[in-house]
Amino acid sequence: EWLRPPGAEAVTISIGNFKGGVSKTTTAVTLAQGLSLLGHRVLVIDTDPQGSLTTLFGILPDTEVEEGDTILPLAMGTETSIRYAIRSTYWTGIDLVAAAPVLFGAEFALPARQTQEPGFEFWRVLDLGIDDVRDEYDVIIIDTPPALSYTTINAFMASNGIIMPLPPNALDFASASQFWSLFSDLTAELLTNRGLTKEFDFIHILLARVDSTDAASNIVRQWIGQTYAEKVLPVEIPKTAVTGVTAAEFGTVYDVAKYDGSARTFKRARDAYDSFVGHIDGSIRSVWAK
Ligand code: ADP
Ligand code: MG
């Protein structure tokens, strides 16, 4: 029983931001689990060589992931469909493409092929690589590295929508606007010059790791609202120790079996993610309705 209408394909969502430590990976895994609880079949793709998302699924990048388990063969051109790298996870309904440090090689392989292979479009490798499986999932979630790297550009170009987690503090806010202007410069150079365009069905800013006791966060929250307006989701994910505790058990707030912390804080975090997941479920359904 599929959620998506007959003939519709998986909606692909990249979780991206220049910065490390802004809750990208936590958002990716929590979203995957929350959507799966709503009945979506989910593929998560880890494109960060640090492999944090892979780790959160209880798989150790250093010892349990080989080159051929990652998207590196796609980047090198030895594979054309991502199918070879898909593995199941402990969470029924979520499949994973893992990452490991060796994936750094993609940052060399892609530009090398761009100069060596006439007509090669480095930014479409992942987009083409997932074509084969778009009718086997409801949602594909791509976690990206903290940089506007070749891999991140591939992730964005493969996506219907983008979610940018953004903690309301001044430096994260400043780097977020650099992220968008650099990204639009890049896409202009890659696409517009070739008469192509890339439009996203949705771009959502998620206020994440929000510390309500931090006076500065109220000021920055206003800047974010003024700058990104309707892109800002009407949800705030609180900064809470619950996230760290569940991560230490390789889980999220949806992994209730693994949680034994304070019930009140847990409910606050869980309610916030429920609301976030509900919004994204709505965005997915509106893409299908198009
Ligand atoms: P990124 O992928 O952007 O580098 P992570 O999701 O790995 O960010 O999060 C960075 C650190 O912050 C992790 O230790 C994570 O457990 C913690 N963290 C993420 N979200 C929250 C939150 N809402 N409250 C508290 N800690 C959080
Ligand atoms: Mg990460």
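Residues numbered from 1 in each chain as written. Chains lettered and ligands numbered in written order. Predicted model: local features only at pLDDT ≥ 70, side-chain atom pairs only at ≥ 80, totals over all residues.

The protein carries the name AAA family ATPase in an unreviewed UniProt entry, which gives Ideonella oryzae as its organism.

Participant: Sorry, what's going on with the site of ligand 1 here?
Facilitator: Near ligand 1 there are 17 residues, and of these Ser23, Lys24, Thr25, Thr26 and Thr243 occur at the shortest range. Counting residues per element, the ones that place at least two in the shell around ligand 1 are helix 1 (24-37), strand 7 (202-210) and helix 10 (241-248). Split by residue class, the shell around ligand 1 holds 5 nonpolar, 9 polar and 3 charged. (Near = placed C-beta within 6 Å. Helix = DSSP H or I, 4+ residues; strand = E, 2+ residues; numbered from the N terminus. Nonpolar A, V, L, I, M, F, W, Y, C, P; charged D, E, K, R; others polar.)

Participant: Please clarify how the sheet that holds strand 1 (residues 11-15) should be interpreted in this entry.
Facilitator: Sheet strands pair via backbone hydrogen bonds, and the direction of the pair is either parallel or antiparallel. Pairing within the open sheet is mixed, and its 8 strands lie in the order 3-4-2-5-1-6-7-8. Looking at the sheet topology across the chains shown, the edges are occupied by strand 3 (87-88) and strand 8 (232-238). Relative to strand 8, strand 7 is paired through 3 bridges, and the arrangement is parallel. Bridge pairing links Ile205 to Val232 in strand 8. (Pairing = 2+ DSSP bridges.)

Participant: Would you take a moment to explain helix 5 (residues 106-116) for this structure?
Facilitator: For the α-helix, the turn length of 3.6 residues means that residues three or four positions removed from each other point alike. Ala106, Ala109 and Leu110 are the residues of helix 5 that are buried. One side of helix 5 carries all its buried residues, which in axial view fall inside an arc of 95 degrees. Along helix 5, exposed side chains directed more than 90 degrees from the buried face belong to Phe108, Pro111, Thr115 and Gln116. Elements that come into contact with the buried residues of helix 5 comprise helix 4 (72-76), helix 6 (125-131) and helix 7 (150-157). (Buried ≥ 20, exposed ≤ 12 C-beta atoms within 10 Å, placed from the backbone. Arc of directions from axis to C-beta. Contact = placed C-beta atoms within 7 Å.)

Participant: Whenever I open this one, the nonpolar core confuses me. Can you help?
Facilitator: Across soluble globular proteins, nonpolar side chains have a tendency to be buried as a group. Val44, Ile71, Val139, Ile141 and Leu206 are the most contacted members of the largest nonpolar core, which totals 77 residues. By residue number, the principal contributor to this core is helix 11 (residues 263-289), which donates 7 residues. If sequence neighbours within four positions are ignored, Ile71 has contacts with Ile45, Thr47, Ile82, Ala85, Val97, Leu103, Ala106 and Leu126. (Core = buried A, V, L, I, M, F, W, Y, C linked by C-beta atoms within 7 Å.)

Participant: Looking at this structure, how should I read the environment of Pro61?
Facilitator: The topology assignment puts Pro61 in helix 3 (residues 61-64). Of the residues examined, Pro61 has 23 C-beta atoms within 10 Å and is grouped as buried. Distance from Pro61 to Ala99, taken between C-alpha atoms, is 6.4 Å for residues 38 residues apart in sequence. Contact partners of Pro61, with chain neighbours within four places excluded, come to Gly51, Thr54, Thr55, Ala98, Ala99, Ala100 and Pro101.

Participant: Whenever I open this one, the packing of helix 1 against helix 11 confuses me. Can you help?
Facilitator: A pair of packed helices is captured by two measures, namely the crossing angle of their axes and the spacing between those axes. The contact between helix 1 and helix 11 brings their axes to 9 Å, and the two run at 75 degrees. Considering the angle they form, helix 1 stands roughly perpendicular to helix 11. Contact residues: helix 1 offers Thr30, Leu31, Gly34 and Leu35, while helix 11 offers Tyr273, Asp274, Val277, Ile280 and Asp281. Residues of the contact of helix 1 with helix 11, tallied by class, amount to 5 nonpolar, 2 polar and 2 charged. (Axes fitted to C-alpha atoms, helices over the stretch in contact; angles between N-to-C directions. Parallel < 35°, antiparallel > 145°, perpendicular 65-115°, else oblique.)

Participant: Would you take a moment to explain the packing of helix 8 (residues 170-190) against helix 9 (residues 215-228) for this structure?
Facilitator: Put simply, helix 8 and helix 9 touch, their axes get as near as 9 Å, and they point 20 degrees apart. Compared by their axis directions, helix 8 and helix 9 come out roughly parallel. Between helix 8 and helix 9 lies a crossing of left-handed hand. Every residue of helix 9 that contacts helix 8 at Ala170, Phe173 and Ser177 is listed here: Ala216, Val220, Trp223, Ile224 and Thr227. By residue class, the composition of the contact of helix 8 with helix 9 is 6 nonpolar, 2 polar and no charged. (Left-handed = near helix turned anticlockwise from the far one by under 90°.)

Participant: Is there a simple way to think about helix 10 in this case?
Facilitator: Turning to helix 10, its buried residues number three or more, namely Val242, Thr243 and Thr246. When helix 10 is viewed along its axis, its buried side chains cluster within an angular range of 100 degrees and face the same direction. Of the exposed residues in helix 10, the ones pointing more than 90 degrees away from its buried face are Ala241, Gly244 and Ala248. Buried residues along helix 10 sit in contact with helix 1 and helix 11. Within two residues after helix 10, Phe250 carries a phi angle of roughly 55 degrees, on the positive side.

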